[in-house]
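Observations on chain architecture
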Amino acid sequence: MQRVADLDTPSMVVDLDRLEGNIARLQASLDELGLANRPHIKTHKIPAIGHMQVAAGAIGITCQKLGEAEVFADAGFDDILIPYNLVGGPKMERLTRLARRIKMTVAVDGAFTARAIAEACDAAGVEVTLLIEVDTGMHRAGVQSPEEAQSLARQIADSPGVRFGGLMCYPTKPPMGEFREAVRDLLARDGIPLDQFSGGGTGAQAVSKAAGCTEHRSGTYAYNDLSLWRAGHAEIDQCAMSVLVTVISTSCPGYSTIDGGSKTFTNDALQAGGVNGYVREYPDIFLEKMSEEHGVLNLSRLASGASGPRVGEKIHVIPNHACGTTNLHDVVYGYRAHGARPADGSLTGDEIIEVEWPVPARGKIR
C-alpha cells in the first residue's frame, strides 16, 4: 500500500472521488439540458478516464489531434470528433486509416481542407462526417458568416467520401443561436439538413442549450483547475488534480521555492504577480512565478507570526491549466483519501494510491 506522501516529486496526482464527482456532475447537467456529452480528452489524455466518461453517459469523445485519436481508437473508442483543420498528405492517410476502423467526424472551415479530406476518403473507400467550424470570437479558425457556411456545406454535400453533418463552435457564445438559425434556413432552400451542432467550453453547457446545440464538448471539467475557479465554474474543493512538490529552499525572505517550475506546471495562462497555483496545505500562500525547474511561493498573505512550509515538506499545488500540465507528465497517480477530509480541503497524509496511470496521449501534437 503506497501513500501519496511517499511519492518522489514532482508527481501529478488525482483525487479519484473528486474526479468521479466531476464526471457525474457534468453528465447530470447535460442530461437535464437534453444535450449529448462528447468530452474532450485533451485534459487527461488517459483512456481509462475516457472510459469512465463514456460509462457515465458520454456518446463519444473529442480529440484535438490525430495522434490522440489513434491512441484512443486503439483503446476501444469508436466515435471520435476532431474539431481541428487537418491539412497535408500524411494526415489524410492517417485519417482514412482511422475511418476504416471507427466513426470519424472532423471540423473544417474552408474549401481547400474539405476538398482534400473528401478526395482522400473517396480514394480510400471510406466516409468521414464533416462539421463546419464557426468563429465565435477567438479568430483562430471558423467561417465568418451564414452565407460562407452555406457555400461550404454545398461543397461538402456534393462531394463523395464525406457527408455534411452540421456546425461546430468553440466556445459557444449566445449569438450562435441566431447564426445556426440563419444557416438552417439557407440550407433548407438547398435541401441540406443541419443535423448536428457541436458546442463547447467547460461551464458553457447552458449557452450551448440556448444556442440550439445538439451536443456539448467539455474537457477541463474532469479535473478542474484555477482557470475554471477564476471563471466561477468550479470550487477549489472540486479540483481533482494537483501536483505533489517538495519545498527545496526558504532562504529568500517572504518566499519559498519548490521543485517544480514551467516544465512541471506549464507557463500557460500565467497571471503576472498573481495566483498561479493554489497550495492545498497553505491556502494563504500561492505559487507566484516560475522558471523552468523552480516554482516560487509568495508568503506575503500569511498571518503575522504564522509559519510557512519547511524545507523538505511536501505540498500539493493546483495549477492554472490542467490540460497543459497533463502534457508534461508521463504518469498520473490516482488516490483516495481515507478518514475524514478536513473542511478546508487540505490533505491528511492518509491518501492511498489506488491506480498508476500512464498518459499515453501526452505529446501527441501531430
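Being a predicted model, the structure only gives us computed values, none of them experimental.

Focus on the overall build of the protein
Looking only at helices and strands, the protein has 11 helices and 17 strands in total. The globule rule puts the C-alpha radius of gyration for 366 residues at 21 Å, and the 22 Å found for the protein is close to it. Looking at the protein residue by residue over its 366 residues, the buried ones come to 56%. Summarising the internal contacts of the protein: among those between residues at least 6 apart in sequence, 70% fall at separations of at least 24. Total accessible area on the protein stands at roughly 15,100 Å², and carbon and sulfur atoms take up 49% of it. Separation between the mean location of the 35 positive side-chain charges and that of the 45 negative ones in the protein comes to 3 Å.

Structural notes on the pairing of strand S4 (residues 79–82)
Covered by surrounding structure in S4 are Asp 79 and Leu 81 together with Ile 80 and Ile 82, the residues of both alternating faces. Here two bridges tie strand S3 (residues 61–62) to S4, and the two strands are oriented parallel to one another. Within the sheet, the bridge partner assigned to Thr 62 lies in S4 and is Leu 81. Between the parallel pair S3 and S4, the chain is carried across by helix H3 (residues 66–74), and the sense of this crossover is right-handed. The sheet contact formed by S4 and strand S5 (residues 103–108) spans four bridges and is parallel. Note that in S5 the partner of Ile 80 across the bridge is Met 104. Tracing the backbone out of S4, into helix H4 (residues 89–101) and back to the parallel element S5 gives a crossover that is right-handed.

Re the packing of aromatic side chains
For the structure on display, the rule yields one aromatic pair. Summarising the aromatic geometry, the rings of Phe 72 and Phe 77 are spaced 5.2 Å apart at their centres and angled 55 degrees between planes, so their arrangement reads as tilted. On the basis of relative accessible area, Phe 72 is assigned to the buried category, the value being 0%. On the basis of relative accessible area, Phe 77 is assigned to the buried category, the value being 5%. If you follow Lys 289 out to its NZ or CZ, it ends over the ring of Tyr 255, 5.4 Å from the centre.

Quick notes on the environment of Ser 159
Along the chain, the position of Ser 159 falls in the loop between helix H6 (146–157) and strand S7 (162–170). The buried category is assigned to Ser 159, whose relative accessible area is 18%. Residues Ser 159 and Asp 122, 37 residues apart in the sequence, show an inter-C-alpha distance of 8.7 Å. Side-chain polar atoms of Ser 159 contact the backbone oxygen of Gln 155, separated by 2.6 Å.

Cut-offs and rules
- Residues numbered from 1 in each chain as written.
- Predicted model: local features only at pLDDT ≥ 70, side-chain atom pairs only at ≥ 80, totals over all residues.
- Heavy atoms only, no water.
- Helix = DSSP H or I, 4+ residues; strand = E, 2+ residues; numbered from the N terminus.
- Rg over C-alpha atoms; globule rule 2.2 N^0.38 Å.
- Buried < 20%, exposed > 50% of the residue type's maximum accessible area, 1.4 Å probe, protein only.
- Contact = heavy atoms within 4.5 Å.
- Areas by Shrake-Rupley, 256 points an atom, 1.4 Å probe, with all protein chains shown as cover.
- Lys, Arg positive; Asp, Glu negative; His and termini not counted.
- Charge placed at Lys NZ, Arg CZ, Asp CG, Glu CD.
- Pairing = 2+ DSSP bridges.
- Right-handed = clockwise from strand over helix to strand, strands pointing away.
- Phe/Tyr/Trp six-rings, centres within 6.5 Å; stacked < 30°, edge-to-face > 60°.
- Lys NZ or Arg CZ within 6 Å of the ring centre and 35° of its normal.
- Polar contact = N/O pair within 3.5 Å; in protein donor to acceptor, adjacent residues only side chain to side chain.

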